[in-house]
Amino acid sequence: MQDVNLYLRTSYHGLKSADGWYCSILEMPTQRGPVTLEVTNQEHGTANRIALTGLLKALERFSKPCALGIYTDSRHIEQGIGWLKEWKKVGWVTAKGEEIKNKDLWTRINTELERHLVTVEYTEHTEYSAWQLNRMREEARKHEQKVKGMQLQQQG
């Protein structure tokens, strides 16, 4: 079984639902050094929903089962992955009997994770953290310029 690491970072600003970014890097060690694949995108939602979407989009890239190490700056993901088996067993509800938030994403994430041997670790910094933050800033700047350009066209 191939070892693969997934490094997930998010950038979110807002109290409720807002625009945010996720950047995931899939890293597969090889004899020549690590091979990486980066997925960066903007989403609109809560901080947790943006992080879950980033995780799901990265997991959907896998074609084969692997030994997957997930390194994330999201406590929600770290803790939620630990709760998946119990949530599934009790019908995706909380201890209070309420449906878990973002059930649609968690059920899909669970399906993707079931085929892998998974470990998850919360970490604020990895070897890719600075690169990921710069990448999200770059994409946000491009997005802002595109929006401003569209607004100018509409005014003209």
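Read on for an overview of the structure. (Residues numbered from 1 in each chain as written. Predicted model: local features only at pLDDT ≥ 70, side-chain atom pairs only at ≥ 80, totals over all residues. Heavy atoms only, no water.)

A look at the overall build of the protein
Counted only if it meets this: A run of H or I in DSSP counts as a helix once it spans at least four residues, and a run of E counts as a strand once it spans at least two, with each numbered from the N terminus. Residues count as neighbours in contact if any of their non-hydrogen atoms are within 4.5 Å of one another. All accessible areas in this document rest on Shrake-Rupley with a 1.4 Å probe, and a residue is counted as covered only by the protein chains that are shown. Positive charges come from Lys and Arg, negative ones from Asp and Glu, while His and the chain ends are left out of the count. To locate a charge, take atom NZ for lysine, CZ for arginine, CG for aspartate or CD for glutamate.
In terms of helices and strands, the protein carries four helices and five strands. Reading the protein from its N end, one meets helices and strands in the order β-β-β-α-β-α-α-β-α. C-alpha extents for the protein along the principal axes are approximately 55 × 50 × 25 Å. In the protein, 68% of the contacts between residues at least 6 apart in sequence involve partners at least 24 apart. Carbon and sulfur atoms make up 49% of the accessible area of the protein, which amounts to about 9800 Å² in all. Of the charged side chains in the protein, 22 are positive and 20 negative, and the gap between their average positions amounts to 3 Å.

Notes on the pairing of strand S1 (residues 3-12)
Consecutive residues of a regular strand have side chains that alternate between opposite faces of the sheet. For the record, the criterion: Note on classification: 1.4 Å probe, protein chains only; a residue is buried when its accessible area is under 20% of the maximum for its type, exposed when over 50%, partly exposed between these limits. In short, DSSP must find at least two bridges between two strands for them to pair.
Counting buried residues in S1 gives eight out of ten residues, a clear majority hidden from the surface. Relative to strand S4 (residues 67-72), S1 is paired through six bridges, and the arrangement is parallel. Directly across from valine 4, in S4, lies its bridge partner leucine 68. With eight bridges joining them, S1 and strand S2 (residues 18-28) adopt antiparallel strand pairing. Paired with threonine 10 across the two strands is tyrosine 22, which belongs to S2.

Thoughts on helix H1 (residues 47-59)
Convention followed: Working rule for helices: expected span equals 1.5 Å times residues minus one.
Spanning 13 residues, H1 covers 19 Å between terminal C-alpha atoms, matching the ideal 18 Å at 1.5 Å per step. For H1, the full list of buried residues reads Ile50, Ala51, Leu52, Thr53, Gly54, Leu55, Leu56, Ala58 and Leu59. Those residues of H1 hidden inside the fold are in contact with S1, S2, strand S3 (35-45), S4, helix H2 (75-89) and helix H3 (103-113).

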